[in-house]
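# Overview (structure and organization)
What follows is the residue order along each chain.
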Amino acid sequence: MTYGTLALTLIFVLIPLILSKTLRLDLEKDTVIATVRSIVQLIAVGYILKFVFDSDSYLYIFLMVLLMITAATLNVRKKGKTIPGITWKVAATLIFVEVLTQGILIGFQITPPTAQYVIPISGMVIGNSMVLAILFLNRFTSEIESHEDQIELILSLGGTPKQAIHTRLIQAIKTSMIPTIESQKTMGLVQLPGMMSGQIIAGADPIQAVQFQLLIVFLILTTAAVTSIALGFLSYPTLFNKQYQLLQEGRDK
Amino acid sequence: MQEAAISFQDVSMKRGEQQVLKQISGQFPQGKITTLVGPSGAGKSTLLKLCNGLLSPDEGSITILGNPLENWEPVELRTRVSMALQSAPMISGTVEENLTLPYALQGAEVDVDKMRRIIKEVGLDVDYLQRDSKDLSGGQRQKVSIARTLLMEPDILLLDEITSALDRASRQEVEELIQHIHKTFGTTIIWITHNLEQAGRIGHYTWVLMDGELVEQGESSLLEDPQNDRVRQFVRGDEA
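Residues numbered from 1 in each chain as written. Chains lettered and ligands numbered in written order. Predicted model: local features only at pLDDT ≥ 70, side-chain atom pairs only at ≥ 80, totals over all residues. Heavy atoms only, no water.

For chain B, an unreviewed UniProt entry supplies the name Phosphate ABC transporter ATP-binding protein and the organism Chryseomicrobium excrementi.

Chain A is annotated in an unreviewed UniProt entry as Iron export ABC transporter permease subunit FetB of Chryseomicrobium excrementi. Under the heading Sequence similarities (unreviewed entry), UniProt records this for chain A: "Belongs to the UPF0014 family." (UniProt positions renumbered as here; feature names shortened; annotations may be inferred.)

This is the structure we're talking about:
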């Protein structure tokens, strides 16, 4: 694709701008900002990736993955403000997911340990892990708020924090995983996944593209399960103290 | 006043920036019913949660059945000082599953005979054991909630506005049940109620809390002729 052709794709930005103006949706400013940011960020990433691929250095691969984990952690922690120490819990979860998935891929020689494979796959794994962590934390905090009386009931009947939070934790884990499982059920029927579509457009053999997509689908399934379970089991003990009391934001230490 | 089941000494507590309890000192006598009254937001529920260690005070000391609060192991404390909550929360499942919850939490074997005896004791037929807890009325939920706490044979029973959401008939049934439990088991009962008439009728002793302060305590007859001006205004307002 030439830059001239790419410029023509701005028609797809003009359409929502015209619609927003005509219908007074007041979304023109946000649309322009989103467009400019996506152009600048993607071009920058493109050049960085080119530099990392050309240098073929493990240090740069490591730094890229570290950057992804840091950005994802900072994004997720906002959703779990009520959970003490949420930043390191999210970071530990994302690092664990990344090490586990890359360990299996490289360890079993499914993919080679090169920047071309490690960085895009890490991006997909960490990105999905980030979304799962946000979904989990949203659900977990709302489960606790809406079922505080049930948690208190079990504590008041002599239950431990683990017993008191168990149902809420399982519910939050299940709920956060449902979108991943549901979207995989209709994959190929309702939508062609982005990575597979990209490979086919770039001229790859569709069967080869499908094989890689399946790899990503299975990876994301593991990512979803490990992220919500790890984050859940790291988070719940800090919601209670040694006296088996449910701590509340801004009240207890 | 008799030997204390629970005593408070200069207990203060904050929740967030708000001072919820201020320098509370007093005793809940053993084997008696003490009612806790006061306007909404006076700190009654917070005080009750301090009695079984669901909360800890910021300042002061609390002695429960002769031991300081901080020396109690949480599980043991909560099986000896049991609480029935205002909303009578149920876990999803049958009445039997709700009643056996304390056993399940302790990993203990269910005493079926005792469960059947207690469900009858609270005025429900044993057929109720197989009912879904979702199908219970407000009064029946409260009875199951009380039965669940009684299965642990607590020394002290804490009741948080258990009749406030009930109709008149159910309220009377629950009141009679609590009096029956007290007479039968000699359990010390601490009961939060909004209803001053109920507090005077049921309680041997009464604590009046206002803005986190214990403004008056003594025999429940104090509600008939309060010495404190604020309490007098509160009683008049409530009766109006």
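### Re the sheet that holds strand β1 (residues 4–15) of chain B
All names here are of chain B. If you trace the four strands from one edge of the open sheet to the other, you get β2-β1-β4-β5, paired in antiparallel fashion. Single-partner strands in this sheet number two, and they are β2 (18–29) and β5 (67–68). Inspection of the sheet shows β1 paired to strand β4 (residues 59–64) by five bridges, in the antiparallel sense. Within β4, the position partnered with Ile6 by the bridge is Ile64. Contacting β1, β2 and β4, helix α1 (residues 44–51) crosses the sheet at an angle of about 125 degrees to β1. (Pairing = 2+ DSSP bridges. Helix = DSSP H or I, 4+ residues; strand = E, 2+ residues; numbered from the N terminus. Contact = heavy atoms within 4.5 Å. Axes fitted to C-alpha atoms, helices over the stretch in contact; angles between N-to-C directions.)

### Some details on the interface of chain B and chain A
Counting residues at the interface gives 27 residues for chain B, matched by 18 residues for chain A. For the pairing of chain B and chain A, the buried interface totals around 1900 Å² over both sides, and the portion due to carbon and sulfur atoms is 55%. Interface area lost by chain B to chain A is led by B:Leu54, B:Arg78 and B:Leu105, which between them contribute 29%. Along the contact surface separating chain B from chain A lie one salt bridge. A salt bridge links A:Glu152 to B:Lys49, with the nearest nitrogen and oxygen atoms 3.1 Å apart. Across the chain B-chain A interface, the total number found is ten residue pairs in polar contact (both at pLDDT 80 or more). The set of elements that each furnish at least two residues to the side of chain B that touches chain A consists of β1, α2 (74–80) and α4 (101–106) of chain B. At five residues, the largest contribution of residues to the side of chain B that touches chain A is made by α4(B). (Buried area = accessible area lost by both parts, 1.4 Å probe. Salt bridge = Lys/Arg side-chain N within 4 Å of Asp/Glu carboxyl O. Polar contact = N/O pair within 3.5 Å; in protein donor to acceptor, adjacent residues only side chain to side chain.)

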